[in-house]
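Listed below, chain by chain, are the residues.
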Amino acid sequence: MLVNDDLYYVDTEYDWNGDGLPDHFRLRVQKEVEPLVGGLEKTPSKSQHWSYHCWLVVESGFDNSTLWEDEWSVREFDLASFREIVDFRTADEFFSKWFSWKFRGAPNQELKLNFFEVRQLEDGEINEDVLAIEMNRLKIEGITAAELKRMILDNKSSRIFVYRGSSRENIRWATYVPRLRKIMILQYGFSDLSPGI
């Protein structure tokens, strides 16, 4: 939904933490003007370009506490990368359907641009180095990244949200880990098992 000339706001609901209540997924996008920089000294030029600063916030349906926050920027020329897979003319059209875009994958296969699903993850979908960074960020102690990966792999019903950030290739895989009661990134980019999603 377009709120005004430079602010977009869309939302949807999924039960990410598995407590039986839908959690609130909210994307807010602010259109911004930024100077272009050039040369080795990164000197601002007189030219400017548009970018779209995005904030994704997920709040618990139980107590409205924040389950997940992320932010990124999409430069105007990077917005075009999404046109390779979904058909839109304006940023308003793109962001208003952010949670619902679908595109054609392999023959007879329809894929979602950003999606939530519940299933068992496979080894190639979890990056141990990314888990280690997340463990440090979230101050998780008493377990190694390899042990955490095994814990996630053993869960037959992982609750996963896969979404795109600054460009079509900037894919973020996040999952809720019940034993830790935390959401964490487990992969950036295309996984070994799902090239081109």
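See the structure above.
The structure reproduced in this document is the subject of the present report. (Residues numbered from 1 in each chain as written. Predicted model: local features only at pLDDT ≥ 70, side-chain atom pairs only at ≥ 80, totals over all residues. Heavy atoms only, no water.)

**Side note on the overall build of the protein chain**
Line of reasoning, step 1. Along the protein chain, the regular secondary structure elements total four helices and eleven strands.
Line of reasoning, step 2. Every one of the 197 residues in the protein chain was classed for burial, and the buried ones make up 44%.
Line of reasoning, step 3. Counted over contacts in the protein chain with a minimum sequence separation of 6, partners at least 24 positions apart contribute 52%.
Line of reasoning, step 4. When the accessible surface of the protein chain is summed, it comes to about 10,900 Å², and 47% of that surface belongs to carbon and sulfur atoms. (Helix = DSSP H or I, 4+ residues; strand = E, 2+ residues; numbered from the N terminus. Buried < 20%, exposed > 50% of the residue type's maximum accessible area, 1.4 Å probe, protein only. Contact = heavy atoms within 4.5 Å. Areas by Shrake-Rupley, 256 points an atom, 1.4 Å probe, with all protein chains shown as cover.)

**Details of the nonpolar core**
Line of reasoning, step 1. Core analysis: the biggest nonpolar cluster contains 36 residues, and Trp-16, Leu-27, Phe-94, Phe-95, Trp-98 and Phe-161 have the highest contact counts within it.
Line of reasoning, step 2. The element contributing the most residues to this core is strand β4 (residues 43–59), with four residues.
Line of reasoning, step 3. Once residues lying within four places of it in the same chain are set aside, the contact partners of Phe-94 are Leu-79, Phe-82, Val-86, Phe-88, Trp-101 and Leu-113.
Line of reasoning, step 4. Counting 19 residues, the second-largest nonpolar core is a separate cluster that includes Ile-126, Ile-152, Met-184 and Leu-186. (Core = buried A, V, L, I, M, F, W, Y, C linked by side-chain atoms within 4.5 Å.)

**Details of the environment of Phe-115**
Line of reasoning, step 1. Mapping Phe-115 onto the fold places it in strand β8 (residues 115–119).
Line of reasoning, step 2. For the pair Phe-115 and Tyr-14, spaced 101 residues apart in sequence, the C-alpha separation works out to 10.0 Å.

**Describing the sheet that holds strand β11 (residues 182–188)**
Line of reasoning, step 1. Pairing in this open sheet of four strands is antiparallel, and the strands run β8-β9-β10-β11 from one edge to the other. Looking at strand neighbours, the two that pair on one side only are β8 and β11, the edges of this open sheet. Taken over all neighbouring pairs, the strand axes of this sheet differ in orientation by 25 degrees on average, direction set aside.
Line of reasoning, step 2. The pairing of strand β9 (residues 158–164) with strand β10 (residues 171–177) spans six bridges and is classified as antiparallel. (Pairing = 2+ DSSP bridges. Axes fitted to C-alpha atoms, helices over the stretch in contact; angles between N-to-C directions.)

**Digging into the packing of aromatic side chains**
Line of reasoning, step 1. For the structure shown, the criterion picks out 20 aromatic pairs.
Line of reasoning, step 2. Relative to Trp-68, the ring of Trp-16 has its centre 6.3 Å away and its plane inclined at 70 degrees; by these criteria the two rings are edge-to-face. With Trp-16 in the loop between β2 (7–14) and β3 (23–38) and Trp-68 in strand β5 (residues 66–75), the pair connects residues that are 52 residues apart, well separated along the chain. A single burial state applies to Trp-16 and to Trp-68, both of which are buried. (Phe/Tyr/Trp six-rings, centres within 6.5 Å; stacked < 30°, edge-to-face > 60°.)

**Some remarks on the pattern of salt bridges**
Line of reasoning, step 1. In total, this model carries twelve salt bridges according to the counting rule given.
Line of reasoning, step 2. Between Glu-93 and Lys-97 there is a salt bridge, with its nearest N and O atoms 4.0 Å apart.
Line of reasoning, step 3. For Arg-119, the salt bridge goes to Glu-117, with nearest N and O atoms at 2.7 Å.
Line of reasoning, step 4. Its relative accessible area of 23% is what places Glu-117 among the partly exposed residues.
Line of reasoning, step 5. Taken together, the salt bridges that share partners define one network made up of Glu-84, Arg-168 and Glu-169. (Salt bridge = Lys/Arg side-chain N within 4 Å of Asp/Glu carboxyl O.)

**A short note on the pairing of β10**
Line of reasoning, step 1. Judged by how many residues are buried, β10 sits mostly within the fold: seven of seven residues are covered.
Line of reasoning, step 2. The alternating pattern of β10 places Ile-171, Trp-173, Thr-175 and Val-177 and Arg-172, Ala-174 and Tyr-176 on opposite faces, both of which are buried.
Line of reasoning, step 3. From the end of β9 to the start of β10, which pair antiparallel, there are six residues.
Line of reasoning, step 4. Linking β10 back to β11 in an antiparallel pair, the connection comprises four residues, with Arg-181 at a positive phi of about 55 degrees.

**Some details on helix α3 (residues 128–137)**
Line of reasoning, step 1. The set of residues buried in α3 consists of Val-130, Leu-131, Glu-134 and Met-135. Looking straight down α3, one finds that the buried residues subtend no more than 140 degrees of arc, so they occupy a single side. For α3, the exposed residues set more than 90 degrees away from the buried face come down to Asp-129, Ile-133 and Asn-136.
Line of reasoning, step 2. Of the residues flanking the start of α3, the one acting as N-cap is Asn-127, its side-chain oxygen 2.8 Å from the backbone nitrogen of Asp-129. (Arc of directions from axis to C-beta. Polar contact = N/O pair within 3.5 Å; in protein donor to acceptor, adjacent residues only side chain to side chain.)

That's the geometry; what it means functionally is another story.
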